[in-house]
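The residues making up each chain are set out below.
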Amino acid sequence: MDTSVWIAERLSPVDIYQHGVSQMLMHKQTAFQEMSIVISESYGKALVLDGKWQTCTGDEFIYHELIAHLPCVLHGAPKRVLIAGGADGGAAREVLKWKTVEEVVIADLDGEVVDACREMLPEIHQGSLNDSRVKIQVADAFDLIEASSSEYDVIIADLTDPIEEGPAYPLFTREFFEACRAALTPDGVLINQAGSMAPPWVTLLARVTKTMESAFGYAVAAAAPVPTYGSLWGLTIARTKPIETGLSPAKIDELMQEHVQGSLRMFDGSAFVAALQTPRYVRQAIEQEQTIYTLENPPALSAEGDRRE
Ligand code: SPD
């Protein structure tokens, strides 16, 4: 093993995930955040923003297949999809496998991250960032979504964690989720990376889920087992009608057989059902949660993992 650098990501004030890195391919401060692209000994090439591991070639398929196909299956035949964040193109790559999809808008604030991912992470985007159905808007996704009405079948919030110093935390508030609801068609589905499911740190996920539920009426937290995130990760789905968590695996496989082209490594009917068996302690944390995040009272997580509340 040739590990010359250790990236210590604070998962919480008292938990660190040390990623052994053999090469630093890029390190820069953009207008919005600190960006690194590195080669990790175990998990391949990785994107790190503000010290937080975003995605890497070794396990990205677990996260990207779940965050893309869960909402697409629930919708059934998505045509227009908006991805808030998603600069690496991994979620777009998966959405484009749906033959029904005509347009994917990627709205990311940081053009420097999009450019770096396009050039240095082709293993992840696999051409999606240059696909003719994809429109990249270097813009604040909040503004873009607020200006849209009944336009999208699926919105994927593929954002960085809501740290106070980072650009994403306003996109975890009720105002943002209400704008998403208005931007979606009546059958539309929102999915959002909503935080860790680790028992000591599940409050953020519970609050984000409760906030999404308050804007949409229904919200369910799916579980994504992404090793480099350090714990089971929550992907919360919201809709204005009940979310069908009990679809049969065979029916989902049939739907995907009809609508999806290209190979998948993680997702199928069984993975859908497994992801939506939310652990009991998570369901209880969500049920008991009272706090709704708003622009006045947003999530407050520091890069060191401390919370203000
Ligand atoms: N703590 C890690 C959460 C990362 C969520 N964003 C991932 C971006 C991958 N496209």
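Residues numbered from 1 in each chain as written. Predicted model: local features only at pLDDT ≥ 70, side-chain atom pairs only at ≥ 80, totals over all residues. Heavy atoms only, no water.

Here's the deal with the layout of surface pockets
The space that makes up the largest pocket amounts to roughly 510 Å³. Around the largest pocket, the lining is made up of 35 residues, and of these Gly85, Asp158, Leu159, Thr160 and Ala168 lie nearest the centre. Elements with a minimum of two residues in the lining of the largest pocket: strand E1 (5-12), strand E4 (44-49), strand E5 (52-56), strand E6 (80-85), strand E7 (103-108) and helix H5 (141-146). Here the residues of the lining of the largest pocket are counted per class, giving 20 nonpolar, eight polar and seven charged. (1 Å grid on protein atoms, 1.4 Å probe; cavity = no way out; pocket = protein on both sides within 12 Å on 5 of 7 lines; lining within 4 Å. Points joined across faces, edges and corners; volume = space filled by probe spheres on them. Helix = DSSP H or I, 4+ residues; strand = E, 2+ residues; numbered from the N terminus. Nonpolar A, V, L, I, M, F, W, Y, C, P; charged D, E, K, R; others polar.)

Some remarks on the state of the cysteines
Scanning all chains against the criterion turns up zero disulfides. Here cysteine 180 stays free of any disulfide, with the sulfur of cysteine 72 as its closest cysteine sulfur at 15 Å. Cysteine 180 sits in the buried class, given a relative accessible area of 0%. (Disulfide = S-S within 2.5 Å. Buried < 20%, exposed > 50% of the residue type's maximum accessible area, 1.4 Å probe, protein only.)

A short note on the nonpolar core
Formed by 43 residues in total, the largest nonpolar core has its most connected members in Leu70, Val104 and Ile156. For this core, the leading source of residues is helix H1 (residues 60-75), giving ten residues. Contacts of leucine 70, omitting those with residues within four sequence positions, involve Glu65, Ile191, Ala222, Ile237, Phe267, Phe272, Ala275 and Leu276. Ala179, Leu190, Met197 and Leu205 belong to the second-largest nonpolar core, a separate cluster that totals 38 residues. (Core = buried A, V, L, I, M, F, W, Y, C linked by side-chain atoms within 4.5 Å. Contact = heavy atoms within 4.5 Å.)

Overview of the site of the ligand
Around the ligand, the structure places Trp53, Gln54, Thr55, Tyr63, His64, Asp88, Asp158, Leu159, Asp161, Gln193, Tyr229 and Trp233. Glutamine 54 is positioned with one of its side-chain polar atoms (N or O) 3.2 Å from a nitrogen atom of the ligand. Here leucine 159 contributes a backbone N or O atom positioned 3.0 Å from a nitrogen atom of the ligand. Judged by its atoms lying within 2 Å of the grid points, the ligand is housed in the largest pocket. Those elements that provide at least two residues to the shell around the ligand are E5 and H1. (Near = heavy atom within 4 Å. Polar contact = N/O pair within 3.5 Å; in protein donor to acceptor, adjacent residues only side chain to side chain. Sits in = over half its atoms within 2 Å of the grid points.)

Section: empty space enclosed by the protein
Under the criterion given, the structure shown has one cavity of 30 Å³ or more. One number sums up the size of the largest cavity: a volume of about 40 Å³. Of the residues assigned to the lining of the largest cavity, the class counts are two nonpolar, three polar and three charged.

Some remarks on the packing of aromatic side chains
In total, this model carries four aromatic pairs according to the counting rule given. For the ring pair tyrosine 63 and tyrosine 229, a centre distance of 5.6 Å and an interplane angle of 75° mean the geometry is edge-to-face. Of this pair, tyrosine 63 sits in helix H1 while tyrosine 229 sits in the loop between strand E11 (218-224) and strand E12 (233-239), and the two are 166 residues apart along the sequence. Note on tyrosine 63: relative accessible area 3%, which makes it buried. (Phe/Tyr/Trp six-rings, centres within 6.5 Å; stacked < 30°, edge-to-face > 60°.)

Let's talk about the sheet that holds strand E9 (residues 152-158)
Read from one edge of the open sheet, seven strands run E8-E7-E6-E9-E10-E12-E11, paired in mixed fashion. Either end of the sheet is taken by a strand with one partner, and the two such strands are strand E8 (134-138) and E11. With strand direction ignored, the average angle separating the axes of adjacent strands in the sheet is 20°. Where E6 and E9 come together, five bridges link them in parallel fashion. Counterpart to leucine 82 in the pairing with E9 is isoleucine 155. In the packing of helix H6 (residues 174-183) onto the sheet, the strands contacted are E9 and strand E10 (184-196), and the crossing angle to E10 comes to about 150°. Packed onto the sheet, helix H7 (residues 203-216) meets E10, E11 and E12 and runs at close to 165° relative to E10. (Pairing = 2+ DSSP bridges. Axes fitted to C-alpha atoms, helices over the stretch in contact; angles between N-to-C directions.)

Focus on a negative patch on the surface
Residues Asp253, Glu254, Glu258 and Asp268 make up a contiguous surface patch of negative charge. Position of glutamate 254 among the secondary structure elements: in helix H8 (residues 249-259). Note on glutamate 254: relative accessible area 52%, which makes it exposed. (Patch = residues over 30% accessible without salt bridge, like charges linked within 9 Å, V, L, I, M, F, W, Y side chains within 5 Å. Areas by Shrake-Rupley, 256 points an atom, 1.4 Å probe, with all protein chains shown as cover. Salt bridge = Lys/Arg side-chain N within 4 Å of Asp/Glu carboxyl O. Lys, Arg positive; Asp, Glu negative; His and termini not counted. Charge placed at Lys NZ, Arg CZ, Asp CG, Glu CD.)

A word on the environment of arginine 265
Following the sequence through the fold, arginine 265 ends up in the loop between H8 and helix H9 (269-275). Since its relative accessible area comes to 62%, arginine 265 is described here as exposed. C-alpha of arginine 265 to C-alpha of histidine 75: the two residues are 190 residues apart in sequence and 21 Å apart in space. With near-sequence residues (within four places) excluded, arginine 265 lies in contact with Phe61 and Glu65.

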